[in-house]
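One-letter residues, chain by chain:
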Amino acid sequence: MISRIMIFILILFQSDSFGQSDSIWNVMILKKGNQPELKNNMARFSQTGFYLYRNCFYDLEFRNKTKKTLRLIDIKPDTLIFIGISQKRDADFTQPATDTFLMNYTSIGKFLLIKDWGAENSKKINCDDYYFIFHRSVIDNRYESKYAYVFPDGNSKNELVPRLSSDSITYHYEYAGKLYFYSGFTVQTTQYSDEQKSKALNGVLTVLNLIVNKRLTLPIQKNNRNKDE
């Protein structure tokens with residue numbers, strides 16, 4: 001884990017490199033030994049790097065062997081903030097999940113990428129084999145919910161929340177503390193400009209160098225003052 005002093009230096013460096021202090025934190029998960037790649041679909045699992053997205057459900061197994069399906073709502077340095085599944089039994093949006101979980105990323109042992117919703121077969125991603133790369137970005141990695149009529153006699157649309165599966169992002173609705181698969185929507189991936197990809201990759205590589213080599217390499221800032229001064 002990166003020391004608090006190094007995190008503070010990193011925050012100052014990345015805030016300056018993005019030219020603004022209101023950028024937000026994102027986290028890329030990268031297989032050890034691989035070089036990160038910025039692809040058009042960064043939500044889908046990949047050994048060359050994928051991002052965690054706000055408002056998405058993730059199936060997790062913790063170090064104590066407990067399993068939870070949690071909805072990511074925010075990202076801070078070394079910390080992931082989740083809520084659970086709502087207990088609502090209709091389209092009432094006033095019944096959100098009330099449990100909030102603030103956890104250090106090291107408490108997560110595995111990501112479970114569901115292959116079969118009925119049998120709940122999953123591909124297990126061992127977090128010990130991956131780096132969690134927290135870095136600042138001007139891009140808010142987030143998937144918005146969609147809305148549709150789920151029940152035949154429903155008068156209101158239900159919220160459909162994205163969830164990471166073995167293939168990509170799928171949509172589900174919450175009912176009585178469980179998630180149910182809904183197949184009616186095509187997932188639209190976040191598109192990054194070349195400039196955004198370059199800045200994000202620089203941020204990832206800076207943190208990766210700090211994690212692997214315990215060294216922070218800062219670029220030299222050019223002095224634009226007149227030489228005669």
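Notes on the structure follow. (Residues numbered from 1 in each chain as written. Predicted model: local features only at pLDDT ≥ 70, side-chain atom pairs only at ≥ 80, totals over all residues. Heavy atoms only, no water.)

1. Things to note about the overall build of the protein
Using the following cut-off: Helix numbers and strand numbers start at the N terminus; a helix is a DSSP run of H or I with at least 4 residues, a strand a run of E with at least 2. The buried label applies to any residue whose accessible area, calculated with a 1.4 Å probe on protein chains only, is under 20% of its type's maximum; exposed applies above 50%, and partly exposed to all values in between. Note on contacts: a residue pair is in contact if any heavy atoms of the two residues lie within 4.5 Å. Using the Shrake-Rupley algorithm and a 1.4 Å probe, accessible areas are obtained, with residue cover drawn only from the displayed protein chains.
Secondary structure assignment for the protein yields 2 helices and 13 strands. Classification of the 229 residues of the protein by burial places 45% in the buried group. Counting only contacts in the protein whose residues sit at least 6 apart along the sequence, the fraction spanning at least 24 positions is 58%. Carbon and sulfur atoms make up 47% of the accessible area of the protein, which amounts to about 12800 Å² in all.

2. Points about the pairing of strand E13 (residues 178-182)
Rule in force here: Between any two strands, pairing holds if DSSP finds at least two bridges.
In terms of strand pairing, strand E12 (residues 169-175) meets E13 through 5 bridges, oriented antiparallel. Opposite Tyr 175, over in E13, you have Lys 178 as the bridge partner. Joining the antiparallel neighbours E12 and E13 is a turn of 2 residues, in which Ala 176 adopts a positive phi near 55°.

3. So, the sheet that holds strand E9 (residues 130-137)
Where we set the bar: Interaxial angles span 0 to 180 degrees and are taken between N-to-C directions of axes, which are lines fitted to C-alpha atoms, for helices over the stretch in contact.
With respect to topology, 3 strands assemble into an open sheet ordered E2-E1-E9, the strand pairing being antiparallel. Looking at strand neighbours, the two that pair on one side only are strand E2 (50-51) and E9, the edges of this open sheet. Along the sheet face, helix H2 (residues 194-213) touches strand E1 (24-31), E2 and E9 and points at about 135° away from the line of E9.

4. Things to note about unusual backbone geometry
Negative phi is the rule for most residues except glycine; trans is the rule for most peptide bonds. A positive phi angle, close to 65°, is found at Asp 78, a residue other than glycine. With respect to the element layout, Asp 78 can be found in the loop between strand E4 (67-76) and strand E5 (79-83). Overall, Asp 78 belongs to the buried group, its relative accessible area being 10%. With a phi close to 55°, Ala 176 is a non-glycine residue in the positive phi region. Examined against the element boundaries, Ala 176 turns out to sit in the loop between E12 and E13.

5. A closer look at a positive patch on the surface
Applicable threshold: Every patch collects residues that have over 30% relative accessible area and no salt bridge, joining them within 9 Å if they carry like charges and within 5 Å if they are nonpolar side chains (Val, Leu, Ile, Met, Phe, Trp, Tyr). Definition used for salt bridges: Asp or Glu carboxyl oxygen within 4 Å of a side-chain nitrogen of Lys or Arg. For the purpose of counting charges, residues Lys and Arg are taken to be positive, whereas Asp and Glu are taken to be negative. His and the chain ends are not included. By convention, the charge on Lys lies at NZ, on Arg at CZ, on Asp at CG and on Glu at CD.
A cluster of basic side chains, namely Lys 67, Lys 115, Lys 123 and Lys 124, defines a positive patch on the protein surface. Its place among the elements puts Lys 123 in strand E8 (residues 121-126).

6. Brief notes about the side chain of Thr 48
Just so we agree on the cut-off: Here a polar contact means two N or O atoms within 3.5 Å. Within protein one must be a hydrogen donor candidate and the other an acceptor candidate, and residues neighboring in sequence count only if both atoms are side-chain atoms.
Looking at the secondary structure, you find Thr 48 in the loop between E1 and E2. In this structure Thr 48 comes out as buried when scored by relative accessible area, which is 19%. In terms of polar contacts, Thr 48 uses its side chain to reach the side chain of Lys 39, at 3.3 Å. Side chain to side chain, Thr 48 and Ser 46 meet in a polar contact 2.9 Å long. Here Thr 48 is in contact with Leu 30, Asn 34, Gln 35, Pro 36, Glu 37 and Lys 39, once residues within four sequence places are set aside.

7. Digging into the side chain of Ser 145
When you line up the elements, Ser 145 lands in the loop between E9 and strand E10 (146-148). Of note is the side chain of Ser 145, whose polar atom sits 3.0 Å from the side chain of Asn 55. A polar contact is formed between the side chain of Ser 145 and the side chain of Glu 159, at a distance of 2.7 Å. In contact with Ser 145, other than residues within four places in its own chain, are Asn 55, Arg 71, Glu 159, Leu 160, Val 161 and Pro 162.

8. A few points about the packing of aromatic side chains
As a reminder of what qualifies: Between 30 and 60 degrees the pair is tilted, below 30 it is stacked and above 60 it is edge-to-face, where a pair is any two Phe, Tyr or Trp rings, Trp via its six-membered ring, whose centres lie within 6.5 Å.
Inspection of every chain in the model, using the stated rule, returns 12 aromatic pairs. Ring centres of Tyr 53 and Tyr 143 lie 5.0 Å apart, and the angle between their planes is 40°; this geometry places the pair in the tilted category. Of this pair, Tyr 53 sits in the loop between E2 and strand E3 (57-62) while Tyr 143 sits in the loop between E9 and E10, placing them 90 residues apart in sequence. There is no split in this pair, since Tyr 53 and Tyr 143 are both buried. Site record: aromatic cluster; members linked through ring pairs are Phe 45, Phe 50, Tyr 58, Tyr 105, Phe 111, Tyr 130, Phe 132 and Phe 134.

9. Remarks on the pattern of salt bridges
Pairs can form between side chains of opposite charge whenever their charged atoms are close. For the structure shown, the criterion picks out 10 salt bridges. Between Arg 163 and Asp 59 there is a salt bridge whose closest N-O contact spans 2.7 Å. Of this pair, Arg 163 sits in strand E11 (residues 158-164) while Asp 59 is found in strand E3, placing the two residues 104 residues apart along the sequence. The class for Asp 59 is buried, based on a relative accessible area of 7%. With a closest N to O distance of 2.7 Å, Glu 159 and Arg 71 form a salt bridge. One end of the pair, Glu 159, is in strand E11; the other, Arg 71, is in strand E4, with 88 residues separating them in the sequence. There is no split in this pair, since Glu 159 and Arg 71 are both buried. It is possible to trace a salt-bridge network through shared partners that takes in Arg 54, Asp 74, Lys 76, Asp 140 and Arg 142.

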